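Examining the three-dimensional arrangement
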Amino acid sequence: MLFVISFAYTQDIVNLNFKYQFFDSREGFVKLSKLVIKANGKKIGESPAKLENIENKVSVQLPKGNYEIDATVYSMYNGVWEERTEANDYTMDCKYIIDSLLLESDNNITLTFNAVTGYKNLDIRPLAKFILDLDYKFLQ
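A brief structural summary. (Residues numbered from 1 in each chain as written. Predicted model: local features only at pLDDT ≥ 70, side-chain atom pairs only at ≥ 80, totals over all residues. Heavy atoms only, no water.)

**With respect to a nonpolar patch on the surface**
Together, Leu32, Leu51 and Ile54 make up an exposed nonpolar region whose accessible area comes to about 230 Å². Secondary-structure assignment places isoleucine 54 in the loop between strand S4 (50–51) and strand S5 (56–63). What makes isoleucine 54 partly exposed here is its relative accessible area of 42%. (Patch = residues over 30% accessible without salt bridge, like charges linked within 9 Å, V, L, I, M, F, W, Y side chains within 5 Å. Areas by Shrake-Rupley, 256 points an atom, 1.4 Å probe, with all protein chains shown as cover. Salt bridge = Lys/Arg side-chain N within 4 Å of Asp/Glu carboxyl O. Helix = DSSP H or I, 4+ residues; strand = E, 2+ residues; numbered from the N terminus. Buried < 20%, exposed > 50% of the residue type's maximum accessible area, 1.4 Å probe, protein only.)

**Quick notes on the environment of asparagine 15**
Structurally, the position occupied by asparagine 15 is in strand S1 (residues 13–23). Remark: the alpha-carbon pair of asparagine 15 and leucine 62, spanning 47 residues in sequence, is separated by 6.7 Å. Those residues within four positions of asparagine 15 in sequence are excluded, and the remaining contacts are Val60, Gln61, Asp106 and Asn107. (Contact = heavy atoms within 4.5 Å.)

**Digging into unusual backbone geometry**
Of note, the phi angle at asparagine 40 is positive, near 50 degrees, even though the residue is not glycine. Looking at the secondary structure, you find asparagine 40 in the loop between strand S2 (32–39) and strand S3 (42–46). Owing to a relative accessible area of 48%, asparagine 40 belongs among the partly exposed residues under this scheme.

**A closer look at the packing of aromatic side chains**
For the coordinates displayed, the defined rule picks out two aromatic pairs. Aromatic side chains phenylalanine 22 and phenylalanine 113 sit 4.9 Å apart centroid to centroid with 25 degrees between the ring planes, which places their arrangement in the stacked category. On the criterion of sequence distance, the pair formed by phenylalanine 22 in strand S1 and phenylalanine 113 in strand S9 (residues 107–114) is long-range, its members being 91 residues apart. Note on phenylalanine 22: relative accessible area 1%, which makes it buried. For phenylalanine 113, a relative accessible area of 1% translates into the label buried. Members of the aromatic cluster, joined through ring pairs, are Phe22, Tyr96 and Phe113. Of note, lysine 34 hangs over the ring of tryptophan 81, and the distance from its end group to the ring centre comes to 4.3 Å. (Phe/Tyr/Trp six-rings, centres within 6.5 Å; stacked < 30°, edge-to-face > 60°. Lys NZ or Arg CZ within 6 Å of the ring centre and 35° of its normal.)

Interpretation in functional terms is not warranted from these geometric data alone.
Dropping the structure here:
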């Protein structure tokens, strides 16, 4: 008897894997921080709180489609979480708004910040689609 199983994993959901970290934070100014992710103004995810100079991650899932993604770092100041922006007297805006991001596949999104120079970088890289194609043959 020949038995064959073959299937492909397809999805209507995309995964966004965010990673962020601060570099060159000034001693005595390292803050407890977290990354808050919003899609079209609605909060969809939040990283755990860690010191800003330690790499941090958060993953979110969304249906395929077109979105405005807001990725904002929040820092703890005097017991209150606040957006890490110039409007809140920080040296730089630690916020990215990605307008009209068409999500058709999974993505890794890396955010890096240099607290001393004010340099920040956003890197978006699509992940390869996961396809599972198995053929099992059983002979008796």
